[in-house]
Amino acid sequence: MNDTIFALSSGMPPAAIGIIRISGPEAGVALEALTGRAVDPRKASLARLCDGDGALLDEALVLWFPGPGTATGEDLAELHCHGGRAVIAAVEEALGAVDGLRKAEPGEFTRRAFANGRMDLAEAEGLADLLAAETELQRRSALTMAEGSFSRVVEGWRDRALALSAEVEGVLDFSDEEDSSDMPADFAVRLLDLASELQDWLERPRAERLGEGFRAILAGPPNAGKSTLFNALVDSEAAITSPIAGTTRDVIERSVSLAGIPFTFVDTAGLREVDDDTIEVIGVERARAATARADVVLWLGDEGQGPAGAWEIAAQIDRPEHLSKADARHRVSAVTGEGLGDLKDDLIALAGNSMPKPGEAALNARQHDLIAEAYAALTDIQDRKDLLILGEGLRAVRVAFDRLIGRATTEDMLDALFGRFCIGK
């Protein structure tokens, strides 16, 4: 944390502009070394950037932000250079020659922001998810986390747990009895209300669903039209199609976004009994395993023969000999497009109900586990009379909340989180 770091914080060159960020105690020294003059704080100005020998490197906009009121909580400078590879390389080489400066590690700028109190752990996790977002739903959920919406909720929970703890301690200090008979009348109700809120959050759709996507499996016997429909749903020729039975021999997955919702469509080998083709046997086994992991199965085989809860799909309706179904949920032709839009709309509606709502904070596995810990501790002390047990349970609740937003955490976990970031972030 005593080093001054620098890195390209914009897209990889070549680009119209390359933004090089410098953070740390020597940021101001480095800026003056390259510009040859003092730069007014928080004001963009044009400057000629020169190396240690005075050779011109580039003409750039420069900005100077004295700490601690900066993105990283440290002195911070930015060089808005021309974005050619040679320009960026030359400026970085000149910065590396300044005493006390080194290139940043992945996520090091954000880690310093966390260490200096400019963001908490939940906000940093949201920022990491925002950088990795590929769909509109992912973007909006991650942005909600990054902007601190969830952190403010946790702070509210922590304040309430702290108030409950203070009441327990107060009774312990001024009572000869170590039981809850002297607690405020609404104590148990407030304890239950906090537990109920945590339970509501635990029942929300998880953030992992946003990354994995809603899994829709196409299943059925050979030559049922699975691969053709799969290609139409993912809008690409991802799977080989042919009239030969058993053409698809493995599980094929493609991730796409429909109406801003992430989907993973899975094409599978035709389900049939085979014992003379080792490769096809493996493909059929994988198809059955994939079907077991599905959020929804689109069944293109004989009606009533699919897995429980599968959608009956009458496919290939453009063909006179297509397999008709009396109670098909959808009748589609991947060739003509008939019924395809209705099928997609139905999938979007189903997936939308199982995904976090747009702009709603979604818990990742770490956050979910910590809230579950707090909820378990609150549930355990609901009917306790011993004030010491009540106090210890509430302490465990506060510790879980502190870990949620990073007041108490481990270096290994921080290394894993900030390692997800790019070098300039």
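Structural data are supplied above this passage.
What you see is a predicted model; the values in this text were computed from it and never measured.

Thresholds, definitions, all that
Position labels on residues start from 1 in each chain and follow its written sequence. Local features in this predicted model are restricted to residues whose pLDDT is 70 or higher, and side-chain atom pairs enter the listing and the counts only when it is 80 or higher, whereas totals over whole chains, interfaces and linings include all residues. Only hydrogens and water are set aside; all other atoms, that is, all heavy atoms of the structure, feed into the side-chain values. Following DSSP output, two strands are said to pair if at least two bridges run between them. A run of H or I in DSSP becomes a helix once it reaches four residues, and a run of E becomes a strand once it reaches two; helices and strands are each numbered from the N terminus. In this description, a line fitted to the C-alpha atoms serves as the axis of each element, helices being fitted only across the stretch in contact, and the angle between N-to-C directions of two axes falls anywhere from 0 to 180 degrees. Contacts were defined at the residue level, with two residues in contact if any of their heavy atoms lie within 4.5 Å. Pairing of aromatic side chains requires ring centres within 6.5 Å, counting the rings of Phe and Tyr and the six-membered ring of Trp. Pairs whose planes differ by under 30 degrees are stacked, by over 60 edge-to-face, and all others tilted. Each residue gets one of three labels from its accessible area relative to the maximum for its type: buried under 20%, exposed over 50%, partly exposed in between, using a 1.4 Å probe on protein chains only. Both a distance and an angle decide whether a charge sits over a ring: NZ of Lys or CZ of Arg must be within 6 Å of the ring centre and within 35 degrees of the ring normal.

Visitor: For the sheet that holds strand S2 (residues 15-23), give the residues involved together with the corresponding values.
Guide: The pairing of strands in a sheet comes from backbone hydrogen bonds and takes either a parallel or an antiparallel form. Strand order in this open sheet of six strands is S3-S4-S5-S2-S1-S6, and the pairing throughout is mixed. Of all strands in the sheet, those with a lone pairing partner are strand S3 (45-50) and strand S6 (101-103), marking the two edges. With direction set aside, neighbouring strand axes in the sheet form an average angle of 30°. Where S2 meets strand S5 (residues 76-83), eight bridges bridge the pair, whose relative direction is antiparallel. In the strand pairing of S5, Ile19 is matched with His80. In the packing of helix H1 (residues 27-35) onto the sheet, the strands contacted are strand S1 (4-8), S2, S3, strand S4 (56-65), S5 and S6, and the crossing angle to S3 comes to about 75°.

Visitor: Explain the packing of aromatic side chains to me, and be specific about the residues and the numbers.
Guide: Enumeration according to the criterion identifies six aromatic pairs in this entry. Here Phe150 and Trp157 contribute two aromatic rings whose centre-to-centre distance is 6.4 Å and whose plane-to-plane angle is 85°, an arrangement assigned as edge-to-face. The pair Phe150 / Trp157 is uniform in exposure class, with both members buried. Aromatic pair Phe263 and Phe265: ring centres 5.5 Å apart, planes at 5°, arrangement stacked. The class of Phe263 is buried, set by a relative accessible area of 1%. Phe265 sits in the buried class, given a relative accessible area of 0%. A connected cluster of aromatic rings, assembled from ring pairs, spans Phe150, Trp157, Trp201 and Phe401. Its end group placed over the ring of Trp201, Arg204 keeps NZ or CZ at 3.7 Å from the ring centre. Its end group placed over the ring of Trp311, Arg329 keeps NZ or CZ at 3.9 Å from the ring centre.

Visitor: Quick rundown of the sheet that holds strand S8 (residues 252-258)? Include the residues and the values.
Guide: The mixed open sheet is built from six strands, whose spatial order is S8-S9-S7-S10-S11-S12. Each edge of the open sheet is held by one strand with a lone partner, namely S8 and strand S12 (330-331). Of the pairings in the sheet, the one linking strand S11 (residues 311-314) to S12 comprises two bridges and is parallel in character. Paired with Ile313 across the bridge in S12 is His330. Here helix H11 (residues 340-354) sits on the sheet in contact with strand S7 (214-219), S8, strand S9 (261-267), strand S10 (296-299), S11 and S12, set at roughly 120° to S9.

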